[in-house]
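Examination of the molecular architecture
So you can see what is in the structure, the chains are spelled out below.
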Amino acid sequence: MITFERVTKRYPDGTTAVDKLDLEVPDGKTMVLVGPSGCGKTTSLRMINRLVEPTEGRILLDGKDVQQENPARLRRGIGYVIQQTGLFPHRTVEDNIGTVPVLNGWRRSRARGRARELLELVGLDASLAKRYPHQLSGGQQQRVGVARALAADPPVLLMDEPFSAVDPVVRASLQDELLRLQDELRKTVVLVTHDIEEAIKVGDVVALYQPHGRLAQVDSPERLLAAPADDYVAGFVGFDRGIRRLSFYGTADLDLRTEPVLGGDATVAKAAATGLPWVLVTDGDGHPRGWVPAHRLSAYPGDAPLAGVPLDGHGHAFTAGTDSLRAALDAAVLSPAGQAVGVDGAGQVKGVLGYDQIRAAVQAAETQAAASHAARTQAAGTQAAGSPASEVPPAEADLAAEGDRS
Amino acid sequence: MIWSWIPGNGALIWQLTYENAYLGVVPALIGLVISLPLGVAAARWRWVQPPVLTVVNVIYAIPALALFIALIPSLGLTDTNVVVALTLYSLCVITPNVAAGLRAVPPPVRQAATAMGFGAARRLLTVELPLAGPVIIAGLRVAVVSGISLASVGQLIGVASLGYLFIDGEQRSFPTEIYTGLVLVIALALACDLVLIGVRRVLTPWGALS
């Protein structure tokens, strides 16, 4: 747990970078600090590992004031990832990753062994171990940066705009990778970004800064979108926050309609008999082929198979259960029939979903979210007293055991 | 050119080449050792840099012969005289490079090193100086090459070097000797330069692979 207690950072020229900040980062969660440039989010981050010293107030790491710690030792227990990677150009990938273990007194050969494990953990090929950083792509360098930060298995990971310097496709995959790693490792992560989309995607809790180092709102991404505290927050999260909020609502419980779905071997007459304005035609394997409007059917004999009728595309399908309501809505918008095609993991049609159903699902999800928020708020006191940190996932337990042998 | 003169005086030529190499290389290495703390200080503290760079530039402006003569009262007509003078010159080319090399270390790299728990000394020795290495070696190359060339001027105060061949050749109106000296000075400088390029390759494998 990281706790900011009325932390202020003023520079000699009088600028206040951070103003009486009170903030708690819960163990094993990802806290995203987001806000416009110059709002003090990076300064806040750097005060945790004492790259910047606060003017007033204190920062506690697991109850201990970081000001009282030896800076070098404190930092070796805190992973640090920055936008420009900061990889050592003169060291190979494996030696970059092994930096902190070597500082902690490991032999280089052992640190290199650990580096191999971490390469695998961050999804890089072991063959990259002997390369130099400049021989890697931007995305690979950033992964090495994450591996280096994790090498000594620190409980806390600080990430300063870690994905801002890579292109959007790579950024999305790095964000997914972070989510996957967090699932496995449960580090206490503080991530700074100016990108609200990123904050909403990777954060368990989002601290939204306003200029001059004050917090505008600290909340779950869902709540930030659903209930912005004021106009500033609403403006920052953007006009389409209503749509983006749908990302948090699942599609597992939806009742997909199957009446408009017919195989290609079904007849034109059967399609007409449904009385529906649009019919979705599937192929022999149950994959969607396309929509056909009712008026087009009249040009064909009743006993002709639907496979012979020209079809409109089906846009793209959403995967029922794993995709969010946002994906379902997107699929509906892009569909000529105004209906989303839901498929299962194998791509076979489970059914279709109209706007009316999506609207009902949104309402149901919102009622449920509001109820659970109210319950959480009520239970917050008792939850804080519990200790989620006592559950050590197997991967971490292994690493800890290895650390003990050193 | 009277080619037979060269093998006839092989021992003398070899001796002078060795002396010249010694006078060129040793001051540069001493200069490197002194330049490192000076350059580190100049890179570390902004106010140190202007006085240090001004002083070394002024020293560099002193003509070599004048410096040798100025050192005679304290050091006499000795090798040490030339070594001290050439060490001063080598400071002038190496110190600015040490400072420039250190300042060229990318700030994110320095910040990352600090954030991972390097102390200042360890960061300097294992991150900053290695990264400044190519620039420092570039300064060392200039110091060695100019030192080899300047060492021959030391002959004017009687310190043996390939400069002897120029003076003796001139006095005897014997061009062969002068050309031999000239070619050897250039060859020696080139050879030392190649060695230093090799050293840089070995010490900075990350650059060579690009």
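Owing to the predicted nature of the structure, the values given are computational and were not obtained by experimental measurement.

On to the overall build of chain B, then. A count of helices and strands for chain B gives 10 helices and zero strands. Taken along the three principal axes of its C-alpha coordinates, chain B extends 70 × 45 × 20 Å. The buried share of chain B, reckoned over its 210 residues, is 42%. Restricting to contacts in chain B with at least 6 residues of sequence separation, those with at least 24 account for 75%.

On to the overall build of chain A. Along its length, chain A carries 16 helices and 16 strands. By its C-alpha atoms, chain A is 85 × 50 × 40 Å across when sized along the principal axes. Taken across its 406 residues, chain A has 39% of its residues classed as buried. Here the contacts in chain A between residues at least 6 apart in sequence split such that 62% fall between residues at least 24 apart.

Residue and element names in this part refer to chain A. The strand order S6-S7-S8-S3-S9-S10 describes an open sheet built from six strands, whose pairing is mixed. Only two strands of the sheet have a single neighbouring strand rather than two, namely strand S6 (78–82) and strand S10 (214–219). Strand-to-strand twist across the sheet, computed as the mean angle between neighbouring axes with direction ignored, equals 15°. Here helix H1 (residues 41–48) sits on the sheet and contacts strand S3 (30–34), S6, strand S7 (156–160), strand S8 (188–193) and strand S9 (205–210); the angle it forms with S8, its principal contact strand, is near 150°.

In this section: the interface of chain A and chain B. Each partner contributes residues to the interface: chain A has 19 residues there, and chain B has 17 residues. Those elements giving two or more residues to the side of chain A that touches chain B turn out to be helix H2 (71–76), S6 and helix H4 (99–103) of chain A. No other element matches H2(A), which puts four residues into the side of chain A that touches chain B. Across the side of chain A that touches chain B, the residue classes break down as nine nonpolar, seven polar and three charged.

Our focus in this paragraph is the packing of helix H8 (residues 163–171) of chain B against helix H9 (residues 175–203) of chain B. Residues and elements named next belong to chain B. Packing of H8 against H9 brings their axes to within 7 Å, and their N-to-C directions diverge by 165°. Relative to H9, the element H8 is oriented roughly antiparallel. H8 and H9 meet at a crossing whose hand is left-handed. Residue-level inspection shows Leu165, Phe166, Asp168, Gly169 and Glu170 of H8 in contact with H9, the latter providing Pro175, Glu177, Ile178, Thr180 and Gly181. In the contact of H8 with H9, the residues fall into four nonpolar, three polar and three charged.

Turning next to the sheet that holds strand S12 (residues 278–282) of chain A. Hydrogen bonds between backbone atoms are what pair the strands of a sheet, whose relative direction is either parallel or antiparallel. Residues and elements named next belong to chain A. Strand order in the open sheet made by the three strands is S11-S12-S13, with mixed pairing throughout. Among the strands making up the open sheet, the edge pair consists of strand S11 (261–263) and strand S13 (288–293). In this sheet, adjacent strand axes meet at a mean angle of 35° when their direction is disregarded.

Further remarks concern unusual backbone geometry. Residues and elements named next belong to chain A. Non-glycine residue Arg6 carries a positive phi angle of around 40°. By secondary structure assignment, the location of Arg6 is in strand S1 (residues 2–10). Note on Arg6: 12 C-beta atoms within 10 Å, which makes it exposed. The residue Thr85 is not glycine, and still its phi comes out positive at about 65°. With respect to the helices and strands, Thr85 occurs in the loop between S6 and helix H3 (93–97). Exposure remark for Thr85: the 25 C-beta atoms within 10 Å place this residue in the buried category.

Let's shift gears to the environment of Gly145(A). Residues and elements named next belong to chain A. Along the chain, Gly145 falls in helix H6 (residues 138–150). With 26 C-beta atoms packed within 10 Å, Gly145 lands in the buried category. Put simply, Gly145 and Thr30 are 115 residues apart on the chain and 18 Å apart in space, counted from C-alpha to C-alpha. Excluding anything up to four places from it in sequence, Gly145 contacts Val81, Thr85, Gly86 and Leu87.

Once that is clear, we can look at the confidence of the model for chain B. Detailed reading of the predicted model is not advised wherever pLDDT is low. Residue and element names in this part refer to chain B. In this model, chain B carries an average pLDDT of 92, and 99% of its residues clear a pLDDT of 70 or more. At the low end of the mean pLDDT range in chain B sits helix H10 (residues 205–208), at 72; at the high end sits helix H6 (residues 107–115), at 95. Across the whole predicted complex the pTM is 0.77, and at the interface the ipTM reaches 0.83.

This next bit is on H8(B). All names here are of chain B. All of the buried residues along H8 are Gly163, Tyr164, Leu165 and Phe166. Considering only its buried residues, H8 is in contact with helix H2 (10–44) and H9. Once H8 finishes, Ser173 follows within two positions and takes phi at roughly 50°, a positive value.

Moving on to the pairing of S9(A). Residue and element names in this part refer to chain A. Counted residue by residue, S9 has five buried out of six residues, so it is predominantly covered. Pairing of S3 with S9 involves four bridges; the strand directions are parallel. Its bridge partner lying in S9, Leu33 is registered against Ala207. Across five bridges, S9 lies against S10 in antiparallel orientation. Along S10, the bridge assignment pairs Leu208 with Gln217. With antiparallel pairing between neighbouring strands as the criterion, S9 and S10 make up a hairpin whose turn holds three residues, including His212 at a positive phi of roughly 70°.

Attention now goes to the packing of helix H3 (residues 49–61) of chain B against helix H5 (residues 79–103) of chain B. Residue and element names in this part refer to chain B. Contact pair H3 / H5: the axes reach a minimum separation of 8 Å and the direction vectors enclose 150°. Our pair here, H3 against H5, has a crossing hand that is left-handed. For the pair formed by H3 and H5, the contact residues are Gln49, Val52, Leu53, Val56, Asn57, Ile59 and Tyr60 on the first element and Leu88, Tyr89, Leu91, Cys92, Thr95, Pro96 and Ala99 on the second.

With 93% of its residues at a pLDDT of 70 or more, chain A has an overall mean of 88. In this model residues 383–406 of chain A is a low-confidence stretch, pLDDT under 50, and it forms 14 contacts with partners more than four residues away in sequence or in other chains.

Another aspect to go through is the pairing of S7(A). Residues and elements named next belong to chain A. The buried fraction of S7 is high, at five of five residues. Across the two faces of S7 the burial is the same, with Val156, Leu158 and Asp160 and Leu157 and Met159 all buried. One ladder, built from five bridges, connects S6 with S7; its direction is parallel. Considered in S7, the bridge of Gly79 is made with Leu157. Pairing of S7 with S8, which is carried by five bridges, proceeds in the parallel orientation. Its bridge partner lying in S8, Leu158 is registered against Val190. In this fold, the crossover linking S7 to S8 by way of helix H7 (residues 168–185) has right-handed handedness.

Reading the values: the criteria
- Residues numbered from 1 in each chain as written.
- Chains lettered and ligands numbered in written order.
- Predicted model: local features only at pLDDT ≥ 70, side-chain atom pairs only at ≥ 80, totals over all residues.
- Helix = DSSP H or I, 4+ residues; strand = E, 2+ residues; numbered from the N terminus.
- Buried ≥ 20, exposed ≤ 12 C-beta atoms within 10 Å, placed from the backbone.
- Contact = placed C-beta atoms within 7 Å.
- Pairing = 2+ DSSP bridges.
- Axes fitted to C-alpha atoms, helices over the stretch in contact; angles between N-to-C directions.
- Nonpolar A, V, L, I, M, F, W, Y, C, P; charged D, E, K, R; others polar.
- Parallel < 35°, antiparallel > 145°, perpendicular 65-115°, else oblique.
- Left-handed = near helix turned anticlockwise from the far one by under 90°.
- pLDDT = per-residue confidence, 0-100.
- Right-handed = clockwise from strand over helix to strand, strands pointing away.

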